[in-house]
Amino acid sequence: MSISFSDAQKKLEQITAEMLELIRKYGLDAESPFDVIPVARAKIDNQQDYIRFLELSIEGRIYGEYADALQKKFDEEARQAEAQKKMH
């Protein structure tokens, strides 16, 4: 399965919006990325919301890394095309 950069960005926006709802609902205020899971575990008292929070965390990581990899690929292709132009 392959998705476009635009689709990955749209999915990240959806994930972010849903994640922000949970953050606001439960007052999640981790001071560092390393505290996110312990804070969520302590503050989210609804098991379904906690599971969804974890799912969103994983999905966000996957889509974020995919979008980063695509961006790097596009940047490299642009650099190579520019180098080709200079050679000719």
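Preceding block: the structure.
Residues numbered from 1 in each chain as written. Predicted model: local features only at pLDDT ≥ 70, side-chain atom pairs only at ≥ 80, totals over all residues. Heavy atoms only, no water.

(A) Structural view of the overall build of the chain. Each helix and strand counted, the chain has 3 helices and 0 strands in total. Relative to the globule expectation of 12 Å for 88 residues, the C-alpha radius of gyration of the chain, 18 Å, shows a markedly less compact shape. Along the first, second and third principal axes, the C-alpha set of the chain runs to 65 × 25 × 20 Å. Across the 88 residues in the chain, those meeting the buried criterion constitute 22%. For the chain, the exposed area adds up to about 6,800 Å²; of that, 54% sits on carbon and sulfur atoms. Put simply, the chain has 13 plus and 17 minus side-chain charges, and the middle of one group is 4 Å from the middle of the other. (Helix = DSSP H or I, 4+ residues; strand = E, 2+ residues; numbered from the N terminus. Rg over C-alpha atoms; globule rule 2.2 N^0.38 Å. Buried < 20%, exposed > 50% of the residue type's maximum accessible area, 1.4 Å probe, protein only. Areas by Shrake-Rupley, 256 points an atom, 1.4 Å probe, with all protein chains shown as cover. Lys, Arg positive; Asp, Glu negative; His and termini not counted. Charge placed at Lys NZ, Arg CZ, Asp CG, Glu CD.)

(B) Spotlight on the packing of aromatic side chains. Considering all chains together, one arrives at 1 aromatic pair under this definition. Ring centres of phenylalanine 5 and phenylalanine 74 lie 6.0 Å apart, and the angle between their planes is 75 degrees; this geometry places the pair in the edge-to-face category. A residue pair is termed long-range when its members are at least 10 positions apart, and phenylalanine 5 in helix α1 (residues 5-26) and phenylalanine 74 in helix α3 (residues 47-87) qualify at 69 residues. (Phe/Tyr/Trp six-rings, centres within 6.5 Å; stacked < 30°, edge-to-face > 60°.)

(C) Quick peek at α3. Taking 1.5 Å of rise per residue, 41 residues should cover 60 Å, and α3 covers 60 Å from first to last C-alpha, within 8% of that figure. Residues of α3 that are buried: Asp49, Tyr50, Phe53, Leu56, Gly60, Tyr63, Gly64, Ala67 and Leu70. Residues of α3 that are buried in the fold lie against α1 and α2 (36-43). The N-capping residue of α3, defined by a side-chain oxygen 2.8 Å from the backbone nitrogen of glutamine 48, is asparagine 46. (Expected span 1.5 Å × (residues − 1). Contact = heavy atoms within 4.5 Å. Polar contact = N/O pair within 3.5 Å; in protein donor to acceptor, adjacent residues only side chain to side chain.)

(D) The arrangement of the side chain of aspartate 49 in detail. Within the secondary structure, aspartate 49 sits in helix α3. Aspartate 49 sits in the buried class, given a relative accessible area of 15%. Engagement of the side chain of aspartate 49 in a polar contact is seen with the side chain of lysine 25, the distance being 2.9 Å. Not counting residues within four places of it along the chain, the set of residues in contact with aspartate 49 comprises Leu22, Lys25, Tyr26 and Ile44.

(E) Representation of the environment of isoleucine 44 in the model. Tracing the backbone through its elements, the reader meets isoleucine 44 in the loop between α2 and α3. In this structure the C-alpha to C-alpha distance between isoleucine 44 and leucine 22, which are 22 residues apart in sequence, comes to 8.6 Å. Apart from residues no more than four positions distant in its own chain, isoleucine 44 is found in contact with Tyr26, Leu28, Asp49, Tyr50 and Phe53.

(F) Spotlight on the pattern of salt bridges. Evaluated as defined, the whole model comprises 9 salt bridges. Across the pair lysine 11 and glutamate 59 runs a salt bridge, and its minimum N-O distance is 4.0 Å. Taken together, the residues lysine 11 in helix α1 and glutamate 59 in helix α3 connect sequence positions 48 residues apart. On the basis of relative accessibility, which here comes to 26%, the residue lysine 11 falls in the partly exposed class. Glutamate 59 sits in the partly exposed class, given a relative accessible area of 22%. (Salt bridge = Lys/Arg side-chain N within 4 Å of Asp/Glu carboxyl O.)

By themselves, these are just geometric observations and shouldn't be taken as functional.
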